[in-house]
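The lines below spell out each chain.
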Amino acid sequence: MTLVGIGYDCHRLVEGRPLVLGGVEIGHDRGLAGHSDADVLAHAVTDALLGAAGMGDIGQHFPDTDERWRGADSIELLRAVVALLAEHRLAPANVDCTVIIEAPAISPHRERIRRRLADALGLDSGRVNVKATTSEGMGFVGAGEGAAALAVATVGDAPPAGGAGG
Ligand code: MG
């Protein structure tokens, strides 16, 4: 059985915030605004997993009205969703995602992001693909007002507890 889900998120770029994408802090003069660390990529991946599992969205599980999630490390939220899937005997199988941001260039950070996401997902990094694009100067991304991310995830049956080979 393979289940598929999509995720989309966007956040505003502002001064005085770190830029965190896929759990990796990237040097830049502005960062993403939000209740948590506003990691737009981690949020899109988390929503894709929840979508595949039929478990709603990130806002239902980690509401931005809840003080517990203020400044939250979104990779930890992603890990929590992977654990939630495991409770339902589900596990991520692969993730493909795209960051849409005008600057800075993501390619120098791509492998670190990939490994960080793969670690949180419990996957080999070969099962996690990270892409990036600009918006060619158009719209809110092109104007540098914000960044967006898209993700697709597949989820399958989790291996039996105790691992294979027993
Ligand atoms: Mg978000």
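Residues numbered from 1 in each chain as written. Predicted model: local features only at pLDDT ≥ 70, side-chain atom pairs only at ≥ 80, totals over all residues. Heavy atoms only, no water.

Peer 1: Looking at this structure, how should I read helix α1 (residues 40–53)?
Peer 2: Spacing of three or four residues puts side chains on the same side of an α-helix, whose turn is 3.6 residues. Here α1 spans 20 Å end to end across 14 residues, near enough to the 20 Å set by a 1.5 Å rise per residue. Here α1 lies mainly inside the structure; 13 of its 14 residues are buried. (Helix = DSSP H or I, 4+ residues; strand = E, 2+ residues; numbered from the N terminus. Expected span 1.5 Å × (residues − 1). Buried < 20%, exposed > 50% of the residue type's maximum accessible area, 1.4 Å probe, protein only.)

Peer 1: For this particular structure, what's the right way to read the layout of surface pockets?
Peer 2: One way to see where empty space is left: roll a probe the size of a water molecule over the atoms. Approximately 220 Å³ is the volume found for the largest pocket. If you go around the largest pocket, the residues you meet are H11, G34, H35, S36, H43, I58, G59, F62, P63, D64, W69 and L77. Of the residues belonging to the lining of the largest pocket, the class tally is five nonpolar, six polar and one charged. (1 Å grid on protein atoms, 1.4 Å probe; cavity = no way out; pocket = protein on both sides within 12 Å on 5 of 7 lines; lining within 4 Å. Points joined across faces, edges and corners; volume = space filled by probe spheres on them. Nonpolar A, V, L, I, M, F, W, Y, C, P; charged D, E, K, R; others polar.)

Peer 1: So what exactly am I meant to see when it comes to the sheet that holds strand β6 (residues 128–133) here?
Peer 2: Backbone hydrogen bonds are what pair the strands of a sheet, in a parallel or an antiparallel way. In spatial order, the strands read β4-β1-β7-β5-β6; together these five strands make up an open sheet with mixed pairing. Edge positions in the sheet fall to β4 (30–32) and β6, since each has one partner strand and no second. Strand-to-strand, the axes of this sheet are offset by a mean angle of 25 degrees, without reference to chain direction. Where strand β1 (residues 2–15) and strand β7 (residues 146–157) come together, eleven bridges link them in antiparallel fashion. Following the sheet pairing, G7 is matched in β7 by A151. Sheet contacts for helix α4 (residues 110–121): β5 (90–100) and β6; angle to β6, the most-contacted strand, approximately 140 degrees. (Pairing = 2+ DSSP bridges. Axes fitted to C-alpha atoms, helices over the stretch in contact; angles between N-to-C directions. Contact = heavy atoms within 4.5 Å.)

Peer 1: Please clarify how the pattern of salt bridges should be interpreted in this entry.
Peer 2: Oppositely charged side chains can form a pair if their charged atoms are brought close together. Under the criterion given, the structure shown has seven salt bridges. Here the salt bridges do not stand alone but share partners, grouping E76, R79 and D119 into one network. (Salt bridge = Lys/Arg side-chain N within 4 Å of Asp/Glu carboxyl O.)

Peer 1: Help me understand a nonpolar patch on the surface, please; the structure alone is not making it clear to me.
Peer 2: Together, V4, I6 and V152 make up a nonpolar patch on the protein surface, roughly 300 Å² of accessible area in all. Tracing the backbone shows V152 in strand β7. Judged by its relative accessible area of 37%, V152 is partly exposed. (Patch = residues over 30% accessible without salt bridge, like charges linked within 9 Å, V, L, I, M, F, W, Y side chains within 5 Å. Areas by Shrake-Rupley, 256 points an atom, 1.4 Å probe, with all protein chains shown as cover.)

Peer 1: How should the packing of aromatic side chains be read in this particular structure?
Peer 2: How two aromatic rings sit relative to each other is given by the distance of their centres and the angle of their planes. Summed over the entire model, instances satisfying the criterion amount to one aromatic pair. Ring centres of F62 and W69 lie 4.9 Å apart, and the angle between their planes is 90 degrees; on these two criteria the pair is classed as edge-to-face. Exposure remark for F62: the relative accessible area of 13% places this residue in the buried category. According to the relative accessible area criterion, W69 is buried, its value standing at 17%. (Phe/Tyr/Trp six-rings, centres within 6.5 Å; stacked < 30°, edge-to-face > 60°.)

Peer 1: In this structure, what is going on with unusual backbone geometry? I would like to understand it.
Peer 2: Glycine aside, residues mostly have negative phi, and peptide bonds are mostly found in the trans state. The amide bond that connects A103 to the next residue, P104, takes the cis arrangement and shows omega of 0 degrees. Relative to the assigned elements, P104 resides in the loop between β5 and α4. Here R89, not a glycine, exhibits a phi torsion of approximately 60 degrees, which is positive. Tracing the backbone shows R89 in the loop between α3 (74–87) and β5. The exposure class of R89 is exposed, given its relative accessible area of 53%. Even without being a glycine, E136 presents a positive backbone phi close to 55 degrees. By the secondary structure assignment, E136 is in the loop between β6 and α5 (139–142). Note on E136: relative accessible area 65%, which makes it exposed.

Keep in mind these values describe shape, not function.
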